[in-house]
Amino acid sequence: MIRSLRGQAVLLTLVLGLATLLAGCGTPAATMQPRIVITLLDVSGSTAAVRDNYLAEVKQIVDNVPAGARLVVLPVSSRSLTSPALLDISFPENTWWKTNSFTYGREVKRLRQQAMETVSTPHNQDPGRNGTAIIDSLVQVQEYLKPYAPGSGALYIISDMVEQSDLLDLYDLDGTAIQSALAKVSKSGRMPALRGAAVDVAGLEASGHLPSDRVMAIRSFWEHLFQTADARLVRYSPALRL
């Protein structure tokens, strides 16, 4: 009897240990699938020459939105704070035991086509918009993230990242001015709260005319800003790798 009870106790310990392990393994996997995917698309005049490349980056994002996620595309220009979303759609859930794969695939294909047609229309790609207010776009982003759990947002920024707005002009930024630029953002009350969102930056080819030290100073500014804004900068590069 004693041996039997001991055996049951050992078995119970193993089961509880396995359950804990599986629960721990499940947590990161859940955060890998975003519930909301937000794309900031720079449509300012400085990016006109690479507009087709930027749209190709957006297509990558659209083609990889996970099932059940919401996709929002916001324009970056001098009017970022007041510009409405170019796109705001939700993709259907895909539950293996009750989703018709044919119907699901057809609906997802339709939504992807709709997304690209909407974002690519000429009035949404006006290169005459002077100014690049990325920080104002991030202020909009924080509002979209509020209804979602921390860490469940993915943010893609397709831009040269050269902020030129009423708040900051990073065109001539050097390493000595990074902290003062960050302090200016904080003092203005426009430091965003990004709730643990994963950030992927692409589109840097539009700033290829800048010297390397200035490109690196601008990158350092954004690295510090995202850290302060509670975001995880995953990649900062010329092109997406999805």
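Since the structure is predicted, the reported quantities are computational estimates derived from the model, not experimental observations.

**Considering the packing of helix 5 (residues 178-188) against helix 6 (residues 212-228)**
Look at helix 5 against helix 6: their axes get within 10 Å of each other, and the N-to-C directions meet at 45°. For the element pair helix 5 / helix 6, the angle class is oblique. Crossing angle aside, the handedness with which helix 5 passes helix 6 is right-handed. Contact residues: I178, Q179, A181, L182 and V185 in helix 5; A217, S220, F221, H224 and L225 in helix 6. Split by residue class, the contact of helix 5 with helix 6 holds seven nonpolar, three polar and no charged.

**What to know about the sheet that holds strand 5 (residues 198-202)**
Spatial ordering of the open sheet is given by 3-2-1-4-5-6, a layout of six strands whose pairing is mixed. The outermost strands of the open sheet, each flanked by one partner alone, are strand 3 (87-90) and strand 6 (232-236). Each adjacent strand pair in this sheet contributes to an overall mean axis angle of 15°, direction not counted. Sheet topology places strand 1 (residues 36-42) next to strand 2 (residues 70-76); seven bridges connect them, and they run parallel. Looking at the pairing, L41 lines up with P75 of strand 2. Contacting strand 1, strand 2 and strand 3, helix 3 (residues 101-120) crosses the sheet at an angle of about 175° to strand 3. In the packing of helix 4 (residues 134-145) onto the sheet, contacts are made with strand 1, strand 2, strand 3 and strand 4 (153-158), and the angle to strand 2 comes to roughly 160°.

**Notes on the packing of helix 2 (residues 51-63) against helix 3**
Taken N-terminus to C-terminus, the directions of helix 2 and helix 3 make an angle of 155°; their axes are 10 Å apart at the nearest point. The angle between the axes of helix 2 and helix 3 places the two elements in the roughly antiparallel class. As for how helix 2 packs across helix 3, the hand of that crossing is right-handed. Contacts from L55, V58, K59, V62 and D63 in helix 2 reach R112, A115, M116, V119 and S120 in helix 3. Partitioning the contact of helix 2 with helix 3 into residue classes produces six nonpolar, one polar and three charged.

**Section: the environment of L111**
By the secondary structure assignment, L111 is in helix 3. Of the residues examined, L111 reaches a relative accessible area of 6% and is grouped as buried. Here the alpha-carbon distance between L111 and F91, two residues 20 residues apart in the chain, equals 7.4 Å. For L111, the residues in contact, after removing those within four places along its chain, are I89, S90, F91 and P92.

Definitions and cut-offs
- Residues numbered from 1 in each chain as written.
- Predicted model: local features only at pLDDT ≥ 70, side-chain atom pairs only at ≥ 80, totals over all residues.
- Heavy atoms only, no water.
- Axes fitted to C-alpha atoms, helices over the stretch in contact; angles between N-to-C directions.
- Helix = DSSP H or I, 4+ residues; strand = E, 2+ residues; numbered from the N terminus.
- Parallel < 35°, antiparallel > 145°, perpendicular 65-115°, else oblique.
- Left-handed = near helix turned anticlockwise from the far one by under 90°.
- Contact = heavy atoms within 4.5 Å.
- Nonpolar A, V, L, I, M, F, W, Y, C, P; charged D, E, K, R; others polar.
- Pairing = 2+ DSSP bridges.
- Buried < 20%, exposed > 50% of the residue type's maximum accessible area, 1.4 Å probe, protein only.

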